[in-house]
Amino acid sequence: MNNELIQVAKLGKSVGLKGYVKLHNLSDFFEQFKKGAKFFDANQKIYTIKSFDASRSLALFENYESLESAKMLTNLLLYQTKELTRQTCILDKDEYFYFDIIGCEIFEDNIRLGVVKDILESGSNFLFLIQSDIDLVNRSLAQNFYVPYVDKYIQNIDIEHKKIFAKYALELLENS
């Protein structure tokens, strides 16, 4: 199951005497942090939110309801399963989870340009970091390049087949 976990939060310092800790959201889905929600650490130990103050981003976890026990949670990374994420986080049309996009092959006119290695936020847009196909690298093109996630460049995303179809992306690679 460990390879099916995605990082969603990092816990900060304890706040107050009751065991609350600062929760730093590392996901796009703040609504998943609520009373009764279960998360995992890297060793797959379960942590359940007993109370959550969304306005201050403070969480109280079951069995960590004192200042002393809450201090043990400082800097803890919280994970969620991909399956539960799909069930609890609702996407709008043409929205995708990062973990579905990363690893997709990107094509333009039947030419494999490479594989999405990461997604970067750039202001109001996103950039797909593409690791170039070895055949293109052997032609002295860049090993990595970026493709903006905008309609001009991204024509279609097929999550089921892990493929992205692009336009003008080869031009971006050639000018990288």
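Residues numbered from 1 in each chain as written. Predicted model: local features only at pLDDT ≥ 70, side-chain atom pairs only at ≥ 80, totals over all residues. Heavy atoms only, no water.

Undergrad: Hey, could you run me through the overall build of the chain in this one?
TA: Assigned secondary structure in the chain consists of five helices and twelve strands. Against the globule reference of 16 Å for 176 residues, the chain gives a C-alpha radius of gyration of 20 Å, more extended than a compact globule. For the chain, the proportion of its 176 residues judged to be buried stands at 40%. For the chain, the proportion of contacts with a sequence separation of at least 24, taken over those separated by at least 6, is 48%. Within the structure as shown, the chain displays about 10400 Å² of accessible surface, and the carbon and sulfur contribution to it stands at 48%. If you average the places of the 21 positive and of the 25 negative side-chain charges in the chain, the two averages end up 9 Å apart. (Helix = DSSP H or I, 4+ residues; strand = E, 2+ residues; numbered from the N terminus. Rg over C-alpha atoms; globule rule 2.2 N^0.38 Å. Buried < 20%, exposed > 50% of the residue type's maximum accessible area, 1.4 Å probe, protein only. Contact = heavy atoms within 4.5 Å. Areas by Shrake-Rupley, 256 points an atom, 1.4 Å probe, with all protein chains shown as cover. Lys, Arg positive; Asp, Glu negative; His and termini not counted. Charge placed at Lys NZ, Arg CZ, Asp CG, Glu CD.)

Undergrad: I'm lost on a negative patch on the surface in this one. Help?
TA: A surface patch of negative charge is lined by D28, D92, E95 and E121. If you trace the backbone, D92 turns up in the loop between α2 (82–88) and α3 (98–101). Given the relative accessible area of 54%, D92 is considered exposed. (Patch = residues over 30% accessible without salt bridge, like charges linked within 9 Å, V, L, I, M, F, W, Y side chains within 5 Å. Salt bridge = Lys/Arg side-chain N within 4 Å of Asp/Glu carboxyl O.)

Undergrad: Quick question: what am I supposed to make of the UniProt feature "domain: RimM N-terminal" (unreviewed entry) in the chain here?
TA: Taking the UniProt record as the reference, the feature "domain: RimM N-terminal" (unreviewed entry) is found at residues 7–83. Each end of residues 7–83 is marked by a C-alpha atom, and these two atoms are 13 Å apart; helix forms 9% of the span and strand 45%. (UniProt positions renumbered as here; feature names shortened; annotations may be inferred.)

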